[in-house]
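Commentary on secondary and tertiary structure
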Amino acid sequence: MARSRLTPEREAELYGAVLDLLREVGYDALTMDAVAARTRSSKATLYRQWGSKPELVVRAMRHNKPVSLEQLDTGSLRGDFHALLAAGDDCQMERDTALMRGLFHAVHNNPDLHQALRELLIEPEINGLQALLRRAVDRGEIAADNPALKYVTHMLVGALVARQLIEDRSPDRSFLRSYLDAVVLPSLGV
């Protein structure tokens, strides 16, 4: 796909507009026409650049991430997790969590969105997390045969979902830092 014709600034502007619209109307009501109008671009340009609404939405979500897991390497697993949390802020985290909840709800009726989320957002995040954990194993912080290793993703997703469900509060950095230190790291023997 010929994404290269957009400047990084224009691409960021488009992604920001997509996320704003998504927050305002939700995935199902979001249309390429609305994105074109909001961003002063043509629908043809949007389809040429991104191919489909699911791809545009998921790439906007990916672009919005404060830091890539694979790029994090502070020298310790605890340091990596804490650096990840420090890269964002609570307000952004709350907005992103609400956005993800909306997308996960929309996934049930939109197999194309589900596929785009898996390929463009979830799998790269899981791969980044696995690279981060592999480095911790290589450094000797975690035993390679620790049974909790294969559940770290589940633990992290669980923390994000459970706080809203159980406490009716969005997860924030303080909660996640405590959760990492009390649950995730001890389960890994760190």
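Summarised in this report is the structure supplied together with it. (Residues numbered from 1 in each chain as written. Predicted model: local features only at pLDDT ≥ 70, side-chain atom pairs only at ≥ 80, totals over all residues. Heavy atoms only, no water.)

Think of a ball as big as a water molecule: rolled over the atoms, this probe shows where empty space is left. Its boundaries defined by the atoms lining it, the largest pocket holds a volume of some 1,300 Å³. Around the largest pocket sit 37 residues that line it, and Lys65, Met100, Glu125, Val157 and Leu160 are the ones nearest its centre. At the level of elements, helix H5 (77-86), helix H6 (90-107), helix H7 (111-138), helix H8 (152-167) and helix H9 (173-187) are the ones that each hand at least two residues to the lining of the largest pocket. Broken down by class, the residue content of the lining of the largest pocket amounts to 23 nonpolar, 8 polar and 6 charged. (1 Å grid on protein atoms, 1.4 Å probe; cavity = no way out; pocket = protein on both sides within 12 Å on 5 of 7 lines; lining within 4 Å. Points joined across faces, edges and corners; volume = space filled by probe spheres on them. Helix = DSSP H or I, 4+ residues; strand = E, 2+ residues; numbered from the N terminus. Nonpolar A, V, L, I, M, F, W, Y, C, P; charged D, E, K, R; others polar.)

Next up on the list: the packing of H5 against H9. For the pair H5 and H9, interaxial distance at closest approach is 10 Å and the crossing angle is 160°. Compared by their axis directions, H5 and H9 come out roughly antiparallel. Our pair here, H5 against H9, has a crossing hand that is right-handed. Across the interface between the two elements, Leu77, Arg78, Phe81, His82, Leu85 and Ala86 from H5 touch Arg173, Leu176, Arg177, Leu180, Asp181, Val184 and Leu185 from H9. Split into classes, the residues belonging to the contact of H5 with H9 amount to 8 nonpolar, 1 polar and 4 charged. (Axes fitted to C-alpha atoms, helices over the stretch in contact; angles between N-to-C directions. Parallel < 35°, antiparallel > 145°, perpendicular 65-115°, else oblique. Left-handed = near helix turned anticlockwise from the far one by under 90°. Contact = heavy atoms within 4.5 Å.)

Attention now goes to H5. Those residues of H5 that sit buried are Leu77, Asp80, Phe81, His82 and Leu85. Summarising the contacts, the buried residues of H5 are in contact with H6, H7, H8 and H9. (Buried < 20%, exposed > 50% of the residue type's maximum accessible area, 1.4 Å probe, protein only.)

Moving on, we get to the nonpolar core. Generally speaking, a soluble globular protein has its nonpolar side chains buried in company with each other. Of all hydrophobic cores here, the largest spans 29 residues; its most connected members are Leu22, Leu103, Leu113 and Leu117. Contributions of two or more residues to this core are made by helix H1 (8-25), helix H2 (32-39), helix H3 (43-50), helix H4 (53-63), H6 and H7. Every residue in contact with Leu22, bar those within four places of it in the chain, is listed here: Tyr27, Leu30, Val57, Leu99 and Leu103. Counting 23 residues, the second-largest nonpolar core is a separate cluster that includes Val67, Leu72, Ala136 and Ile142. (Core = buried A, V, L, I, M, F, W, Y, C linked by side-chain atoms within 4.5 Å.)

On the surface, Val157, Leu160, Val161, Leu165 and Ile166 cluster together into a nonpolar patch covering about 510 Å² of accessible area. Along the chain, Val161 falls in helix H8. (Patch = residues over 30% accessible without salt bridge, like charges linked within 9 Å, V, L, I, M, F, W, Y side chains within 5 Å. Areas by Shrake-Rupley, 256 points an atom, 1.4 Å probe, with all protein chains shown as cover. Salt bridge = Lys/Arg side-chain N within 4 Å of Asp/Glu carboxyl O.)

As for its position among the elements, Asp172 is in the loop between H8 and H9. Ignoring sequence-local partners within four residues, the contact set of Asp172 consists of Asp90, Met93 and Arg163.

What follows covers the pattern of salt bridges. Applying the stated criterion across every chain yields a total of 17 salt bridges. Where Asp20 meets Arg95, a salt bridge forms, and the shortest distance between an N and an O atom there is 4.0 Å. With Asp20 in helix H1 and Arg95 in helix H6, this residue pair connects regions lying 75 residues apart in the sequence. When its relative accessible area of 33% is taken as the criterion, Asp20 is described as partly exposed. Given a relative accessible area of 35%, Arg95 falls into the partly exposed group. Arg118 serves as the salt-bridge partner of Glu123, at 3.6 Å between the closest nitrogen and oxygen. Classification of Arg118 by relative accessible area gives partly exposed; the value is 34%. Each of Asp73, Asp80, Arg135, Arg139 and Glu141 takes part in one network of salt bridges that share partners.

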